[in-house]
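Analysis of the macromolecular model
Here is what each chain is made of, one letter per residue.
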Amino acid sequence: VFQTSCKRQRRQPIRSTFASRQKPPPTAMARQMLQRLLAGVSLAACCTRGGALSEQSSAFNCPPITYQDKAIAVELADGRVFIPAYRHEPALGKHPTTAIIALHGAGRDGDSYFGWVTSAMNNHGSQDDTVVLVPVFADQDCEAGVWSGNDKYTGEGIKWSHSTRQWVFGQRSDKSGDWQGISSYQVIDDLVQYVELHYKHLQKIVVTGFSAGAQMGLRWSIFSPQGTQGTTLSGIPLTIVLGSPSSVTYLSKSRPAVSCTLSWDNNMDHNCTDFQDPEDDDNRLKTCGGKWDLYAFGIEGLDWDNTKPGTLRGDVADYLHKYIKDDNLLDQTLKDRFASKDLVFQFGDQDTKDCRKGECADDCAAMLEGNTRLQRGLNYMWYLKWALPGYTPTYSVFKGGHRPELFFAGEYFNKKAFDAGGWDECLWDSLECFSLLVKLLIGGALFLGIGSSAGVYLCMKAHINTHYVKIQHENASELEAALKLLVVRK
């Protein structure tokens, strides 16, 4: 799970270049290191209990364990329900110009994502210019007063308790009484409107997500009218920054050719220029029982005639048809809107673990996209250029694996969010970034630990040997006495 490198590869983005990365101030670095260490210890403990975090594991707690003073209940549906969220806003009298809405990963660890985003904000000294809002797509009941720590707030928290994909793929939240739930995509739309309504001086909004958050962010960006022509529906510039999704959604029936998904072709030099329809007889692509293009890996099955109320595709179709009424225009409208959005990607150049071994989505339709997250991401970049004439996807890379800390220290996130460069992030489990003094202290502790263990081992061995010799001596004496007694009797 853990990577050990904190050096970043400098790779030329497709459309633009940015200023050199900067290192955060020493105080910020110290604060970050402590935060990462505490988060890492928690993650290590979780992994010790049951392996790497699974798709269904959840870190949501109500009331929140950390950032209690940042917990707010964002009202939805005219105040009837709310979504738990963490929020940073500038001091009273300050007027923020940037709003960042961050989408957490499969662990529903909104507090961790809040910490990573606000650390980046603090590194750039943007506390008074920025609003940060991190919603939590919870899996358990939570009351507004309990979440916010203020009994004057009432209301029921919405939740997606059936699976991670329930919210990642845009399905409605759980029903409650006559409340029919709300699509997670509609929640993002409502949060965009929330920051527009509450902060009147905004000059840009950034929606960002990593891993499962990037999956949801990508599919939302395909279906939502927000972000068309690079702005919100009210005209505020909107940028979407996504990192390392486990799977993506294709906008046509074509998929990467078999030659684009070879397991050994799995680095930043990978490219794919051949896309084929799995139904064609002259290729070797699987059709997955004819279901390879069904949503959420494609856009098939979202027309009115092919959806059932209360299902995943039924819920997403309901959301989609609020804005696109004619099914005949669906495919082209989605392509045209998507191509007009300010959407950028970041990928880890070491995010190459095999999806067939449980490291990412291994559905038949997902495996058509590639064997690893990195391969899938690069295939998708080439696909978008192939499928959308005149469109050039924008992406950059960071050196490292599937780590949100590296994503939020990356070039594009910091450029789009703070108009500043990224930095070389020091991971809590990386010795490369520690000072010589810290390394000596760690080395000394390890030496003492190993020495103590060796001493205990030698003492135990000596004790066992002594005890064994004593037992042998006693047994020999007893045997000699028995023989003498036998001779006497004879």
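The text that follows walks through the structure, step by step, so that each part is easy to find.

Scoring rules and cut-offs
Residues numbered from 1 in each chain as written. Predicted model: local features only at pLDDT ≥ 70, side-chain atom pairs only at ≥ 80, totals over all residues. Heavy atoms only, no water. 1 Å grid on protein atoms, 1.4 Å probe; cavity = no way out; pocket = protein on both sides within 12 Å on 5 of 7 lines; lining within 4 Å. Points joined across faces, edges and corners; volume = space filled by probe spheres on them. Nonpolar A, V, L, I, M, F, W, Y, C, P; charged D, E, K, R; others polar. Patch = residues over 30% accessible without salt bridge, like charges linked within 9 Å, V, L, I, M, F, W, Y side chains within 5 Å. Areas by Shrake-Rupley, 256 points an atom, 1.4 Å probe, with all protein chains shown as cover. Salt bridge = Lys/Arg side-chain N within 4 Å of Asp/Glu carboxyl O. Lys, Arg positive; Asp, Glu negative; His and termini not counted. Charge placed at Lys NZ, Arg CZ, Asp CG, Glu CD. Helix = DSSP H or I, 4+ residues; strand = E, 2+ residues; numbered from the N terminus. Buried < 20%, exposed > 50% of the residue type's maximum accessible area, 1.4 Å probe, protein only. Disulfide = S-S within 2.5 Å.

Moving on to the layout of surface pockets. In this model, the second largest pocket occupies a volume close to 410 Å³. As for the second largest pocket, its lining consists of 17 residues, and the residues nearest its centre are Ala 73, Val 74, Glu 75, Tyr 194 and His 198. Classifying every residue of the lining of the second largest pocket by side-chain character gives 10 nonpolar, 4 polar and 3 charged.

A grouping of Glu 279, Asp 280, Asp 281 and Asp 282 is seen on the molecular surface, where their side chains present a negatively charged patch. Mapping Glu 279 onto the fold places it in the loop between strand S9 (275-276) and helix H7 (312-320).

Let us look at unusual backbone geometry. Note the cis peptide between Cys 62 and Pro 63, where omega equals 5°. Along the chain, the position of Pro 63 falls in the loop between helix H1 (26-50) and strand S1 (71-76). One non-glycine residue, Tyr 67, lies in the positive phi region at around 55°. Tyr 67 gets classed as partly exposed once you look at its relative accessible area, which sits at 27%. You will see that Asp 78, though not glycine, has its phi angle at about 60°, which is positive.

Before going further, it helps to spend a moment on the state of the cysteines. For the structure shown, the criterion picks out 4 disulfides. A disulfide bridge connects Cys 62 with Cys 142, and the sulfur atoms are separated by 1.9 Å. In this structure the cystine formed by Cys 62 and Cys 142 twists about its S-S bond by roughly 65°; its chirality is therefore right-handed. With Cys 62 in the loop between H1 and S1 and Cys 142 in the loop between strand S4 (130-135) and helix H3 (144-148), the pair connects residues that are 80 residues apart, well separated along the chain. Disulfide partner of Cys 260: Cys 272, at an S-S distance of 2.1 Å. Note on the Cys 260 and Cys 272 pair: the S-S dihedral is about 85°, so by sign convention the disulfide is right-handed. Here the residue Cys 260 occupies a position in the loop between strand S8 (255-256) and S9, and Cys 272 occupies one in the loop between S8 and S9, the gap between them amounting to 12 residues.

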